[in-house]
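One letter stands for each residue in the lines below.
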Amino acid sequence: MSALLESIARLRQEVCALHAELTHYQLVVWTAGNVSARVPGYDLMVIKPSGVSYAELSPELMVVTDLYGTPVSRLSAQADGGAAEWENPELTPSSDTAAHAYVYRNMPEVGGVVHTHSTYATAWAARGEPIPCVLTMMGDEFGGPIPVGPFALIGDDSIGRGIVDTLAHSTSPAVLMQNHGPFTVGKDARSAVKAAVMCEEVARTVHISRQLGEPLPIDPAQIDSLYARYQNVYGH
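To start, this report covers the structure provided alongside it. (Residues numbered from 1 in each chain as written. Predicted model: local features only at pLDDT ≥ 70, side-chain atom pairs only at ≥ 80, totals over all residues. Heavy atoms only, no water.)

**Details of the overall build of the protein chain**
No. 1: Along the protein chain, the regular secondary structure elements total 7 helices and 9 strands.
No. 2: On C-alpha atoms alone, the protein chain measures out to a radius of gyration of 18 Å, which is about the 18 Å that the 2.2 N^0.38 rule sets for 236 residues.
No. 3: Over its C-alpha atoms, taken along the principal directions, the protein chain stretches across nearly 60 × 35 × 30 Å.
No. 4: Scored against the burial criterion, the 236 residues of the protein chain give a buried share of 50%.
No. 5: Long-range pairs, those at least 24 residues apart, make up 67% of the contacts in the protein chain with a sequence separation of at least 6.
No. 6: Between the averaged position of the 14 positive side-chain charges in the protein chain and that of its 25 negative side-chain charges there is a distance of 3 Å. (Helix = DSSP H or I, 4+ residues; strand = E, 2+ residues; numbered from the N terminus. Rg over C-alpha atoms; globule rule 2.2 N^0.38 Å. Buried < 20%, exposed > 50% of the residue type's maximum accessible area, 1.4 Å probe, protein only. Contact = heavy atoms within 4.5 Å. Lys, Arg positive; Asp, Glu negative; His and termini not counted. Charge placed at Lys NZ, Arg CZ, Asp CG, Glu CD.)

**A closer look at the environment of A203**
No. 1: Note that A203 resides in helix α6 (residues 189-212).
No. 2: Note on A203: relative accessible area 0%, which makes it buried.
No. 3: With residues near it in sequence (within four places) discarded, A203 still touches Y120, A121, W124 and I131.

**Comments concerning unusual backbone geometry**
No. 1: One non-glycine residue, Q26, adopts positive backbone phi at about 55 degrees.
No. 2: With respect to the helices and strands, the residue Q26 is situated in the loop between α1 (3-24) and β1 (34-38).
No. 3: You can call Q26 exposed: its relative accessible area is 66%.

**Focus on the pattern of salt bridges**
No. 1: Tallied over the entire structure, the rule returns 6 salt bridges.
No. 2: The salt bridge involving E129 is made with R210; its shortest N-O contact spans 2.6 Å. With E129 in the loop between α3 (119-127) and α4 (136-142) and R210 in helix α6, this residue pair connects regions lying 81 residues apart in the sequence.
No. 3: You can call E129 buried: its relative accessible area is 18%.
No. 4: The class for R210 is partly exposed, based on a relative accessible area of 31%. (Salt bridge = Lys/Arg side-chain N within 4 Å of Asp/Glu carboxyl O.)

**Here's the deal with the packing of α1 against α6**
Pairs of packed helices are described in terms of their axes, by the angle between the two and the distance that separates them.
No. 1: Closest axis-to-axis distance for the α1/α6 pair is 10 Å, and the angle between their directions is 10 degrees. When the axes of α1 and α6 are compared, the pair comes out roughly parallel. Counted together, E14, L18, E21 and L22 of α1 and A189, R190 and V193 of α6 form the full contact between these two elements.
No. 2: For the contact of α1 with α6, the class distribution of residues is 4 nonpolar, no polar and 3 charged. (Axes fitted to C-alpha atoms, helices over the stretch in contact; angles between N-to-C directions. Parallel < 35°, antiparallel > 145°, perpendicular 65-115°, else oblique. Nonpolar A, V, L, I, M, F, W, Y, C, P; charged D, E, K, R; others polar.)

**A few points about the nonpolar core**
No. 1: In terms of nonpolar packing, the biggest core is built from 26 residues, with L22, V35, V39, V46, V114 and V193 touching the most fellow members.
No. 2: Among the secondary structure elements, those contributing two or more residues to this core are α1, β1, β2 (44-47) and α6.
No. 3: The leading source of residues in this core is α1, at 7 residues.
No. 4: Ignoring anything within four residues of it in the chain, the contact list for V193 reads L18, E21, L22, V35 and V114.
No. 5: Within the second largest apolar cluster, 20 residues are counted, among which are M45, A99, V110 and V185. (Core = buried A, V, L, I, M, F, W, Y, C linked by side-chain atoms within 4.5 Å.)

**Here's the deal with helix α2 (residues 97-106)**
No. 1: Taking burial as the measure, the 10 residues of α2 include 7 buried ones, the bulk of the element.
No. 2: Contacts made by the buried residues of α2 are with β1, β2, β3 (63-66), β6 (112-115), α5 (158-167) and β9 (181-186).

**Notes on the packing of aromatic side chains**
No. 1: Counted by the stated rule, this structure contains 0 aromatic pairs.
No. 2: It is K48 that lies over the ring of Y54; its NZ or CZ is 5.3 Å from the centre. (Phe/Tyr/Trp six-rings, centres within 6.5 Å; stacked < 30°, edge-to-face > 60°. Lys NZ or Arg CZ within 6 Å of the ring centre and 35° of its normal.)

Remember, this is a structural readout, not a statement about activity or role.
This is how it looks when you write it as structure tokens:
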């Protein structure tokens, strides 16, 4: 089996399993939401099919596309000196595929992208309001506020452009697309799922805090210190 086929098989299993994390943490309902992963070393990605329930997902149903969101036929990729063959399901990739693909084309450090409609983060997105960095957990994970990206419709790469443009000015791996919901990125798909889980957690906590009164700000220098420690020291 070629290295490409092994990588695709591994990522199909991983991406499928990570969708179960979205339901476990109650970040999605029905068929909404999606996880994708870049195929390392190739201009390919693996993503959830459109309109398939989470209970019916299997590794074989994960769709392989190029980085423009076009499903790749089983004979179109060359690897190890010959044609790399795999069975691509006769399914349409996620409706958010164009956004994921645009992120991969323009953020080479990103290996995973996640989109959810998680309740609290999406509520902030509906108001077009960034989540302020008022928790040490936010300093650790996001290095500042979770920003809001512009309103954009599904159908082309407009959402992807908004994600990339917004995150270019932020340390956050999460962005709240206005009136839509959160998108998160990571070095791999698992990291992007973690960011989605943490995004919803802090969105909920900060919302509850504001019901009790105005949350206390954290000095920006302290936020920078928290972020540097967590990203470079904690767990290493």
